[in-house]
There are 2 protein chains.
Amino acid sequence: MKGNIPLMQTVVELNDLQASRAALAEPVGLVPTMGFLHEGHLSLVRAAREQCASVVVSIFVNPTQFGPNEDLAAYPRDLPRDFALLEKEGVDLVWAPTPEVMYPAGYQTWVTVKELTGHLEGALRPGHFQGVTTVVAKLFNATRPHKAFFGQKDAQQVAVIRQMTRDLSYPIAIQVCPIVREADGLAMSSRNIYLNPQERKAAVVLFRSLTTASQLYEQGQREVAPIKAAMEEIFHQEPLARVQYISFADAQTLAEVTELDRPSLVSMAVYVGKTRLIDNQILG
Amino acid sequence: MKGNIPLMQTVVELNDLQASRAALAEPVGLVPTMGFLHEGHLSLVRAAREQCASVVVSIFVNPTQFGPNEDLAAYPRDLPRDFALLEKEGVDLVWAPTPEVMYPAGYQTWVTVKELTGHLEGALRPGHFQGVTTVVAKLFNATRPHKAFFGQKDAQQVAVIRQMTRDLSYPIAIQVCPIVREADGLAMSSRNIYLNPQERKAAVVLFRSLTTASQLYEQGQREVAPIKAAMEEIFHQEPLARVQYISFADAQTLAEVTELDRPSLVSMAVYVGKTRLIDNQILG
């Protein structure tokens with residue numbers, strides 16, 4: 001069926017990656033993932049396919065970005081399914097390293113972004129962003145992409161990676177793609193699989209609260225306090241949801257704001273049952 | 001006189017570097033320096049010239065690797081002389097960024113190698129190696145070399161950069177060139193210019209102590225204590241010298257050793273007058 005289209009290559013070891021990378025047509029687009037792919041990931045792959053001569057996808061559940069009490073062991077994995085999805089999208093090369101390839105014995109080097117990681121997810125998940133920036137630097141170095149594609153779903157991650165890329169003088173364009181949502185508005189996430197049917201239904205409350213925030217903003221409201229109160233009221237009506245934070249922050253610096261007089265990031269972390277979900281939206 | 005040989009290019013800004021880098025024949029060799037070049041640097045340039053299709057030299061007195069009480073302001077600089085020396089060696093591209101190019105306002109990203117920097121220079125100069133690894137990562141990212149050339153003079157720096165290169169998955173070969181010495185044995189260093197004539201004469205004591213260590217090792221001595229005592233005795237006879245440390249360490253891990261039963265690094269930091277000098281040698 002595929003005629004002369006070359007098969008997608010999949011590699012694990014660094015040496016094999018280097019050999020395959022050297023043969024790729026440029027420019028190269030990289031889509032870093034932790035696998036268990038959904039339409040959000042695939043939207044990144046499609047953007048890379050459109051903009052680049054070659055597309056590399058990495059699949060690695062990165063242990064260093066999980067805290068000791070987080071869901072590393074439970075994080076969903078399905079490599080065969082991921083490979084099949086990526087092959088359909090015309091991906092050229094998939095790198096699926098093991099933890100031993102990425103962090104061999106004696107590993108001791110860390111990439112840290114300071115101020116930006118002191119807020120929001122960084123404040124609540126100590127060490128998380130050090131794990132993220134370290135692994136992304138490794139992915140950048142090993143695959144040498146011209147463009148790298150990330151989802152707006154992880155809004156702070158995007159800001160942190162932009163900062164790292166600029167600070168460390170990477171000649172890589174960071175492309176950010178919009179959040180992809182289910183029909184009812186729930187942001188796609190590999191972690192949605194943790195939700196039972198009732199929780200899945202309740203989880204739409206995050207999107208509903210963001211929609212309310214947008215509506216108030218569109219109506220001219222620029223004070224954070226009444227918008228936040230309206231969002232909290234929506235969560236109060238959903239017994240399965242427990243808000244960890246609702247933040248209104250300067251979209252550049254991620255410093256909290258009380259007035260929406262500049263582009264602002266509304267973001268939140270909410271437990272639905274035992275599953276921690278995040279979502280966000282830019283206002284202005 | 002140069003016929004059709006293209007002139008060496010010198011750039012300051014990152015955009016200009018990227019444009020010039022893209023036009024270079026590969027493989028590319030990088031020689032990172034802080035300028036005020038001596039024969040030690042030039043030996044690195046010549047090795048790069050022999051092994052690579054193109055040679056890039058960076059000149060940057062990196063403020064982040066100097067401590068608050070160190071010699072950043074006094075560090076010798078002579079860009080016109082450096083450019084002339086490098087042009088004679090057939091260098092293709094010199095990148096001499098300003099501090100503002102390397103560390104623009106809002107800069108906040110750091111690359112840190114942990115265990116290896118806890119010893120020796122890293123223990124005595126807090127933050128020094130974080131400055132080194134951060135700037136070298138930036139140089140690697142911006143210039144994308146296939147090989148990078150460093151001098152054995154900075155033995156711990158070499159070990160730390162090797163570790164960083166491996167840990168961060170850089171596809172870059174680290175080439176280490178031997179220490180280049182003056183006729184009397186003093187290791188070449190840009191900081192030797194700080195020495196007055198008496199101190200310059202006294203400074204040979206570092207090399208004499210290393211020679212003594214080698215001789216004892218060649219004679220079969222494998223205990224550190226008597227070798228170290230013989231070295232200290234040599235320093236006691238030189239009133240202008242004040243030893244900060246003499247170390248015998250595992251050449252791989254830099255952990256201190258008491259017996260020379262594996263490749264070992266003898267290294268030292270010595271004040272001669274107010275000038276801090278370092279020197280080293282591998283035994284075994």
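Here we summarise the structure given alongside this text. For clarity, every value in this text was computed on a predicted model and none was experimentally measured.

## Topic: the sheet that holds strand E7 (residues 173-177) of chain A
Residues and elements named next belong to chain A.
Point 1. With parallel pairing, six strands are arranged side by side in an open sheet as E1-E4-E3-E2-E6-E7. Single-partner strands in this sheet number two, and they are strand E1 (9-11) and E7. Taking each pair of neighbouring strands and ignoring which way they run, the sheet shows an average axis angle of 25°.
Point 2. Direction of pairing for E1 relative to strand E4 (residues 93-95): parallel, over a ladder of three bridges. Looking across to E4, one finds that Thr10 is bridged to Val94.

## As for the relation of the copies chain B and chain A
Point 1. With an RMSD of 0.0 Å, chain B superimposes on chain A once it is rotated by 180° and translated 0.0 Å along the axis. Such a turn and shift between the copies fits a two-fold axis. Rotation axis and chain B: the residue whose C-alpha lies nearest the axis is Val111 of chain B, separated from it by 2.3 Å.
Point 2. A shared interface surface links the copies, since 100% of the contact residues of chain B are contact residues in chain A too.

## Quick look at the interface of chain B and chain A
Point 1. Taken together, the contacts link 23 residues of chain B with 23 residues of chain A.
Point 2. Mapped onto the side of chain B that touches chain A, the elements with two or more residues apiece are helix H1 (14-22), strand E5 (109-113), helix H6 (128-143) and helix H7 (155-167) of chain B.
Point 3. Judged from the five bridges that link them, strand E5 (residues 109-113) of chain A and E5 of chain B form a sheet pairing that is antiparallel. Its bridge partner lying in E5 of chain B, Trp110 of chain A is registered against Thr112 of chain B.

## Some words on the environment of Ile234 of chain B
Residue and element names in this part refer to chain B.
Point 1. For Ile234, the position within the fold is in helix H10 (residues 224-236).
Point 2. A sequence separation of 221 residues divides Ile234 from Glu13, and the C-alpha atoms of the two residues are 49 Å apart.
Point 3. Setting aside its immediate chain neighbours within four residues, Ile234 contacts Val205, Arg208, Ser209 and Thr212.

## Points about the pairing of strand E2 (residues 28-33) of chain B
All names here are of chain B.
Point 1. Within E2, six of the six residues are buried, which leaves it mostly tucked inside the rest of the structure.
Point 2. Here E2 shows two buried faces, one formed by Val28, Leu30 and Pro32 and the other by Gly29, Val31 and Thr33.
Point 3. Direction of pairing for E2 relative to strand E3 (residues 54-59): parallel, over a ladder of six bridges. By the bridge assignment for E3, Leu30 is matched with Val56.
Point 4. Since E2 and E3 lie parallel, the crossover through helix H2 (residues 39-51) that links them has a hand, and here it is right-handed.
Point 5. Direction of pairing for E2 relative to strand E6 (residues 147-151): parallel, over a ladder of two bridges. Among the inter-strand pairings, Gly29 is bridged to a residue of E6, identified as Lys147.

## Description of the sheet that holds strand E1 (residues 9-11) of chain B
All names here are of chain B.
Point 1. Ordered by their spatial adjacency, six strands build an open sheet running E1-E4-E3-E2-E6-E7, and the pairing between neighbours is parallel. The open sheet has two free edges, formed respectively by E1 and strand E7 (173-177), since each of these has just one partner strand. With strand direction ignored, the average angle separating the axes of adjacent strands in the sheet is 25°.
Point 2. Of the strands in this sheet, E2, E3, E6 and E7 are in contact with H2, which crosses E6 at around 155°.
Point 3. The strands touched by H6 are E2, E3, strand E4 (93-95) and E6; relative to E2, the strand with the most contacts, the crossing angle is about 150°.

The rules behind each value
Residues numbered from 1 in each chain as written. Chains lettered and ligands numbered in written order. Predicted model: local features only at pLDDT ≥ 70, side-chain atom pairs only at ≥ 80, totals over all residues. Pairing = 2+ DSSP bridges. Helix = DSSP H or I, 4+ residues; strand = E, 2+ residues; numbered from the N terminus. Axes fitted to C-alpha atoms, helices over the stretch in contact; angles between N-to-C directions. Least-squares fit on C-alpha atoms with pLDDT ≥ 70 in both. Contact = placed C-beta atoms within 7 Å. Buried ≥ 20, exposed ≤ 12 C-beta atoms within 10 Å, placed from the backbone. Right-handed = clockwise from strand over helix to strand, strands pointing away.

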